Structure formats: C-alpha cells, structure tokens
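Geometric and topological summary
Spelled out from the first residue to the last, the chains are:
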Amino acid sequence: MSSAPFTRRKFLLSTAAATSSAMFLAACGGGGEEAPPAQSSASAIPQSEIDKAMDTETTLTFWTWVPDIKNEVKLFTDKYPKIKVDLLNLGGGAHYQKMRTAIQSRQGAPDVTQVEFQYINSFTVGEGSLLDLTPYAPPTLKDSYADWIWSQVNFNGGLWGIPQDSGPMGLLYREDLLSDAGIEVPKTWDDYAAAAETYHSKNPKSYLTNVAPNSGGQFVAYLWQAGVRPFSFDGKETVKVDLANEEAKKVAKFWGDMVTAGTLSNKPDGNDAWYQAVANGTYASWPAAAWGPVFLQGTAAKTSGKWRTADLPQWDASTVVAGNWGGSTDAVLKLSKNPIAAAQLALFINTNKESALKFANEQFLFPVLNEILTDPTFLNKEFKFYGGQKVNEKFAQISETVSPDFGWLPFMDYVYTNFQETLGKAFADKTDAVAGLQAWQDACVKYAKDQGFTVT
Amino acid sequence: MSTTVGSARPAASDASTAIRPRPRLTAAKKRQYGAAYALVLPFFIIFIAMMIVPLVYAGYLSVFTTKLIGGTSFAGLENYAKAITDPLFLTGVLRMAVFLVIQVPIMIGLALFFALALDSGMMKLARFTRLSIFVPYAVPGVVATLMWGYLYGPDFGPFAQIGTALGLGPPPFFTPTGMLFSIMNIVNWEFIGYNMIVLFAALRSIAPELYEAARVDGASEKRIAWSIKIPGIRAGLLLTVIFSVIGTFQLFTEPQLLRTLAPTVIGTAYTPNLYAYNVAFVNQDANYAAALAFLLGVVIMIISYLVQLGAQRKERRS
C-alpha cells in the first residue's frame, strides 16, 4: 500500500526514530481515582466485576503502530500488575489487512487494536467486529472531549473506540518566503488563490503549495472544512455518498483551477522528491494537520526557525472553521475473551492524565482530551523550528473550531485509492476537476452498490 | 532405476538375483522403494501444501461472491464472466501484450548477442564482461526499481538535471506513454544477464567438431553463428522466451513501486497482477481476485503454448 494516501500512520512510522529518544519516566503507580464510578444503569458493567477482572491473571494482546507505546502501557500494568500486555507493532499498511484476516479466521486476533477514525466503520459493518464500549466506559466520558471528537467514535448506538489523537488542520507556512514575496498570510481561500498567483509569478520555480494527486485524505479534510458531509453509514445497509454536491464542486474547482493555471504544482506527495521539495523551499506553505509540525521538523530540519502556523484560510471570512485530517482510537474486538480488561486498557492509556500527557509531549500525538488540550506543559511548549511559536497552543485553538458530525463510509480504502484514478488524476493531468469529482462519486456509488449497500 | 526394471526381467537373466531367495529380494527392493519414496516425499508434501492446496482453495474462492452486505453466496462462473468483460482487466492484459511484443524481443535479442559475443572467444575481458552483464540479475527487483525510480525522477534525478541543464526539460519517463518504456528498460536491465547466461550455457554444449567441420568447409564466424550456433540453442531460446512470457504477465513489483512516484499514471489496474492484488486488498474482494488470478494463469498458459507450438512448427519445417 505504498501508494496509499498520506496518513498519520506513515507519519508516525517515519518519525518513530525521532520520538524514540523520548526518555521513559519511571511510573510511580497511578492514583486510584481513574476507576470508573459504580453505575446503576442496567447495561453498565458493575464496578465489582471490573475490580474482579482487573485482579485476575490475564494476558491481553494489543496491536498498534504507535512508537514507544510501551511506556504508556507500563503505566497501566504498574497499576494492574496481574494484567500482562503483549504489544505487537505491525507497522504501516499491513495493520488492517492482518486485522481482517485474524477476525475472519476467528483466531489470533488482538484484544485491543489501533483503528483510525475513518476506518471504524469498516469494522462495524455487517456482523461487526468491534465491541460497543458503552457499558465499560464511565457515563461521564463524553464530557472529556469536544463534540466533534466524540462524534467520531460514538455513533450508530455504540462507542467504538477510545480516542487517542487527532489532526485538526491548519496552515503551515514559510514566514521568510511569504514576506520576501510581500504576501500577507491568507485569511480566506480567495486570498490564498491570489497569493498563489503572486507567489508563483515572483518565483517561477516554486509554488505556494502543492496539490497532491494521491492525497485523498487531505482533500476529504478540505471538504470537511467546507462543511461538506459526503459520507454516512447507518450501521446497517444504507450509505450516503455525496461527493459531487455544489459545495464539494466548489472545493474541487478551487484547487483544479490553480493547478490548470499552473500557479500550484501537482506532484505526488509522501515520496522523496516531495520531501526534498519541502526542504528546499519549493513550497512556501502546506495545509496540514496538527501532526504536520513535528513531521516537518524531521524532514526539513535545515529550514528551522522559518516556519509558522496559522488557521486554515476560510471560505467565509466571518467565521473560523477547520477540518480534521487523521486521528486514531484504541478499540476492543468482540472476539476478545477478556473484554473488561481490554476495555480498561483502552480507557486507561487514553484517559489517564499521566499517560495521555505522555502521548502528547513525548510521542507528539495531538491530544483529544480537554484536560490535555488545556494543560500548560503542553500548550506552552515553544518550537524553535517555528521561530519560538507555541504551535500546540495554536492547534489547540484550531481544534475547537473543527466542525462536528463528519461521517465515514465502511470502505474508505476504496474511496481513497479511487481518488487517485479520478479526481487526483484530473489534478495530475490538468483536466476538469469537477468532472474528476463526479467520476469519483460515480465510482464510489458503483462500488457501494456492488457490495450490496443501499445508496441514498 | 534398475530396481523398477528388475521385477519385469526373468530372474535367470540376472545372476546375482537368481541365487538369492525370493523373500530377501523383495525385502531389499522394498527397502529401495521405500528409500525412493522417502526421498521424494518432502517434495510432494511441500508441493501439495504450497501449490495444490492454495490452488484448489483459490479455485474454490473464485466461484463465490462475498459482499460487505449480504455475506458469501455461491456464484458459479459469475466472477469469470465479469472478468472477461472487465475493461480494467482487459486493458491490463492488452498492455502486457504490448509490453511482451516490444520488450521480450529486445531482451532476448541483446541476451543472444552478448552470449554469441562471449562464446566467440574473440573478446578481451570476457569474464569481467560476463559478470558485469549478469550482476543486475543478482540485484533484487525492489532495489533495482527504487534505483531506477531515482534515476528517472522528474525533479531531482540525474537525467532530469541533465535535460534541464541543456534546456530540454526532464525526459518524459513518467508520462502515460513513457511509463511503459521506462518499465521495459528496468526489466531489460534486470533480466538480460540472466537470459544471457542461459543461452551462453547452451552454446557451450554444442559439439566443437561442428565448428571445425564448418571452418573446413570455409564458413565465416558469422555464418557459423547463424547456421550452427543459433539453431543449436533453439531449446535454450525457447526456454528463455517462455520464461519471459510468464514474467511479463506477472509483472508486479516494478509498477507497484513506481506507483508512489507516479500514482496517477500507474493505476490500480496497470498490470493484471497489480489489479488482482488491489481487488483483493483494497476492494476486499478475494473472490473476484481469485477468479482474475485464475484467468491470468489461463492466458499465460495459452500464450506459452502458442510460443511452443510456433517453435515446433518451425522445427518441423526446417
């Protein structure tokens, strides 16, 4: 899947080396207050059962791609010494394939597994292989997150995973290059288009940014920001595919027009040529997610101090809205023989403050918990690479502006791959982007129907 | 071998067996039979486990359909009917046919040329040359493709830089028409050496008396090459052609890796094998992928058979 869209997962793998230097702080036993309060609801698991399960010798299997996650898991096993956790890092593309194989053969599947927001539905479709965590989680869990994050994991009558990290989108830009070209940081997309033209006319060999024909994930995030809700799934047999509505056409035409005019480049991203181009200043900005800043530090180290972060340009100048690009959860499989302990693992590492703060400050996963998004050790970190800007603070603000209720199809793999053959191809060939968008829509509808879905 | 023939012979004809009592003879034979079976057993176990079982399983999969909604149901030959009218699959097969017609003759032609040159004994540094031509075959296909991918690179590759310096712009390695030739070049680079070694080995086994006789008759080296050497290695040539046909239709690694560099030029169905892979792992349709793989196998068998048939006819005619 080397050509799969540019995802957080790849980013994590590529920065694994950088983050592994994070020092492990010896955990000194978690406080007892994380244990969920006793519940009266009929469906909730009684606290006594949880206590019993957590005091029973158990081995859990946990599949993840997050580097150094053993540090967070250790906090958990220190608190619950009778639980042993086998960690398995399957790396990039193989993760979901291996999960599907294990689920299908009903053996060797993990108890807890990493699942990105956009792939949850591909595991709830049909019989469904994810455990609804509602009875295992404290009823107040919802209050720990912004609405848009909660809506990514809690839908169709279930809580399908515990959020771990997210990717609210902002604009990363080269402060030096823009000011050399006399360009203000664009506030609206119209400004951005004008800036792209100015920038390219002053620097014929470089561009304000690149429109990657292979980055379906980024384009979907643009749609998210523009208020387009192209996908939904009712959890049963009905999907909505609405990629070619007027709002979406506007977004496709916006990028397509600049590519056709030659004011933006249209090279594939996530490969060596693209990394070099970012490092040598061919691109003066990059609309990227909250995981972008650390990513750039690794790939464009020699441009340190020259980057800044701002809000994404807006469609409507009177409001500030962002989209989200990437993010993942820890989910529990129905096949797990120890669902209580498995659910507690997923809950603990992602909601225990010490553990969640570790993810944010040592592995640079952009946090989802309100508690971390307001934590001073996280917010006040100054990034030399960004000229001392408090990048986390900026993205924490952006996170509050992400619009809620963005749904996903149960087959996003196909949707992203097909992007390269339709809309992405239109970008690459400089042909009509709106026609490309329509082709994308048609292919996704056809696939959905072939797979037996009712398409609305 | 003698043991299998032994039982058919009259005992009297063989002095050594005649004096032995029958039961002991059978025991000895049994031991030998046993040893023979024991020796081929590992092969058959692996052959059945790794070839026959997966093939049967793939065949079994190919007559079902599995949908995300509705699950698995028997489909008979529906997947095959879909495949033979699937434009993506057919375009891929056609693209590989074009690839075959252009690339294989170039590759075999060059391999033959090098083999003849080395065999002529008139070259200096023959051993070094032979090794140099063969070395690319020892480079794994993945590494070769990554290397060529870098060389082809439209932004930072050396060819692009030379082209830009000369004011010609980067060469069109990754354009929709250029890509097929770029891949052909990689495959040539990888496999000329291999085919050369096969042909060279065949040339070494031609009896030198034939050359002497030809020279006595006044044949030139060219004439010897054309009339003795090439006909003499017909079997080797046929072998390399058939391997190349199979290799071409199974093309996967090179396009799969070049996809990261040119994702919109090499689509999910650029080659039939790539298509089957994407159908299985992106579209999550293992059943249809199995049918595609079977059909591809049939196409390869038909073309290999035609190549062999053509060669046999030629032989009969001459």
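Residues numbered from 1 in each chain as written. Chains lettered and ligands numbered in written order. Predicted model: local features only at pLDDT ≥ 70, side-chain atom pairs only at ≥ 80, totals over all residues. Heavy atoms only, no water.

A look at the interface of chain A and chain B
Our working rule: Should any heavy atoms of two residues lie within 4.5 Å, those residues are considered in contact. Defined in terms of a 1.4 Å probe, buried area is the accessible area two parts forfeit on being brought together, summed over both. Between Lys or Arg on one side and Asp or Glu on the other, a salt bridge is scored when a side-chain nitrogen of the former is within 4 Å of a carboxyl oxygen of the latter. Counting of polar contacts relies on pairs of N or O atoms within 3.5 Å, with two restrictions inside protein: one atom must be capable of donating a hydrogen and the other of accepting it, and residues adjacent in sequence are counted only when both atoms are side-chain atoms. Segments assigned H or I by DSSP are reported as helices when at least four residues long, segments assigned E as strands when at least two residues long, and all are numbered from the N terminus. Three classes are used, and their members are as follows: Ala, Val, Leu, Ile, Met, Phe, Trp, Tyr, Cys and Pro are nonpolar, Asp, Glu, Lys and Arg are charged, and the others, Gly among them, are polar.
Taken together, the contacts link 33 residues of chain A with 19 residues of chain B. Counting each side, the surface lost to burial between chain A and chain B is near 2,500 Å², with a carbon and sulfur contribution of 55%. Here chain A and chain B share 0 salt bridges between them. In this structure, the connection of chain A to chain B is made through 8 residue pairs in polar contact (both at pLDDT 80 or more). The element contributing the most residues to the side of chain A that touches chain B is helix H19 (residues 412-421) of chain A, with 5 residues. Its residues assigned to classes, the side of chain A that touches chain B shows 12 nonpolar, 13 polar and 8 charged.

Details of the sheet that holds strand E12 (residues 454-455) of chain A
Residue and element names in this part refer to chain A. Rules: One requirement defines pairing of two strands: DSSP has to find at least two bridges between them.
Overall, mixed pairing links the 3 strands, which are arranged E7-E8-E12 in an open sheet. Looking at which strands have only one partner, the edges of the open sheet turn out to be strand E7 (231-233) and E12. Where strand E8 (residues 238-241) lies against E12, 2 bridges are found, and the strand directions are parallel. Bridged to valine 239 within E12 is valine 455.

Let's talk about the domain arrangement of chain B
Residues and elements named next belong to chain B. Where we set the bar: Domain borders in the structure are assigned automatically or taken from a domain database.
One can read the domain layout of chain B as domain 1 (25-62) and domain 2 (79-317). Taking only C-alpha atoms into account, the centre of domain 1 sits 33 Å from that of domain 2. Each partner contributes residues to the interface: domain 1 has 5 residues there, and domain 2 has 6 residues. With both sides pooled, the region where domain 1 packs onto domain 2 buries about 450 Å², and carbon together with sulfur makes up 61% of that total. Considering only the surface of domain 1 that becomes buried against domain 2, Ala58, Leu61 and Ser62 emerge as the three largest contributors, covering 84% of it. At the junction of domain 1 and domain 2, the tally comes to 0 salt bridges. The interface formed by domain 1 and domain 2 contains 3 residue pairs in polar contact (both at pLDDT 80 or more).

Comments concerning the pattern of salt bridges
One side chain can pair with another of opposite charge once the charged atoms of both are near each other. Stated precisely, the cut-off is as follows: Whether a residue is buried, partly exposed or exposed follows from its accessible area with a 1.4 Å probe, protein chains only, as a fraction of its type maximum: under 20%, in between, or over 50%, in that order.
What the rule picks out here adds up to 17 salt bridges over all chains. Measuring nitrogen to oxygen at the nearest pair gives 4.0 Å for the salt bridge that ties arginine 308 of chain A to glutamate 175 of chain A. Highlighted residues: arginine 308 of chain A in strand E10 (residues 307-311) and glutamate 175 of chain A in helix H8 (residues 175-180), separated in sequence by 133 residues. Judged by its relative accessible area of 35%, glutamate 175 of chain A is partly exposed. Ionic pairing is found between lysine 250 of chain A and glutamate 247 of chain A, a salt bridge with its closest N-O pair at 3.3 Å. Here the residue lysine 250 of chain A and the residue glutamate 247 of chain A both occupy positions in helix H11 (residues 246-261), the gap between them amounting to 3 residues, near one helical turn. In the salt-bridge network here, residues are joined through shared partners; they are Asp119, Arg204 and Lys229 of chain B.

Considerations on the pairing of strand E2 (residues 83-89) of chain A
Residues and elements named next belong to chain A. Condition: When the strands point away from the viewer and the connection leading from the first strand across the helix to the second strand turns clockwise, the crossover is called right-handed.
In this structure, strand E1 (residues 58-64) lies alongside E2, joined through 7 bridges in parallel fashion. For phenylalanine 62, the partnering residue across the bridge sits in E2 and is leucine 87. Since E1 and E2 lie parallel, the crossover through helix H4 (residues 70-79) that links them has a hand, and here it is right-handed.

Here's the deal with the packing of aromatic side chains
Cut-off, in case you're wondering: Any Phe, Tyr or Trp ring, taking Trp's six-membered ring, that has another such ring centre within 6.5 Å forms a pair; planes under 30 degrees apart are called stacked, those over 60 apart edge-to-face, and the others tilted. In our convention, an over-ring charge means Lys NZ or Arg CZ found within 6 Å of a ring centre and within 35 degrees of that ring's normal.
Using the criterion set out here, one finds 58 aromatic pairs over all chains in the structure. Seen in terms of ring centroids, tyrosine 145 of chain A and tryptophan 150 of chain A are 5.9 Å apart; in terms of plane orientation they differ by 20°. Their pairing is stacked. A relative accessible area of 11% places tryptophan 150 of chain A in the buried class. On the numbers, 6.2 Å between centres and 70° between planes, the contact of phenylalanine 366 of chain A with phenylalanine 395 of chain A is edge-to-face. Placement of phenylalanine 366 of chain A in the loop between helix H15 (353-361) and helix H16 (370-373) and of phenylalanine 395 of chain A in helix H18 (residues 391-400) is noted, with a sequence separation of 29 residues between them. Among the residues examined, phenylalanine 366 of chain A registers a relative accessible area of 4% and is labelled buried. Cation over ring: lysine 82 of chain B sits above tyrosine 288 of chain B, and NZ or CZ is 4.1 Å from the ring centre. Over the ring of tyrosine 211 of chain B we find lysine 229 of chain B, and its NZ or CZ is 5.3 Å from the ring centre.

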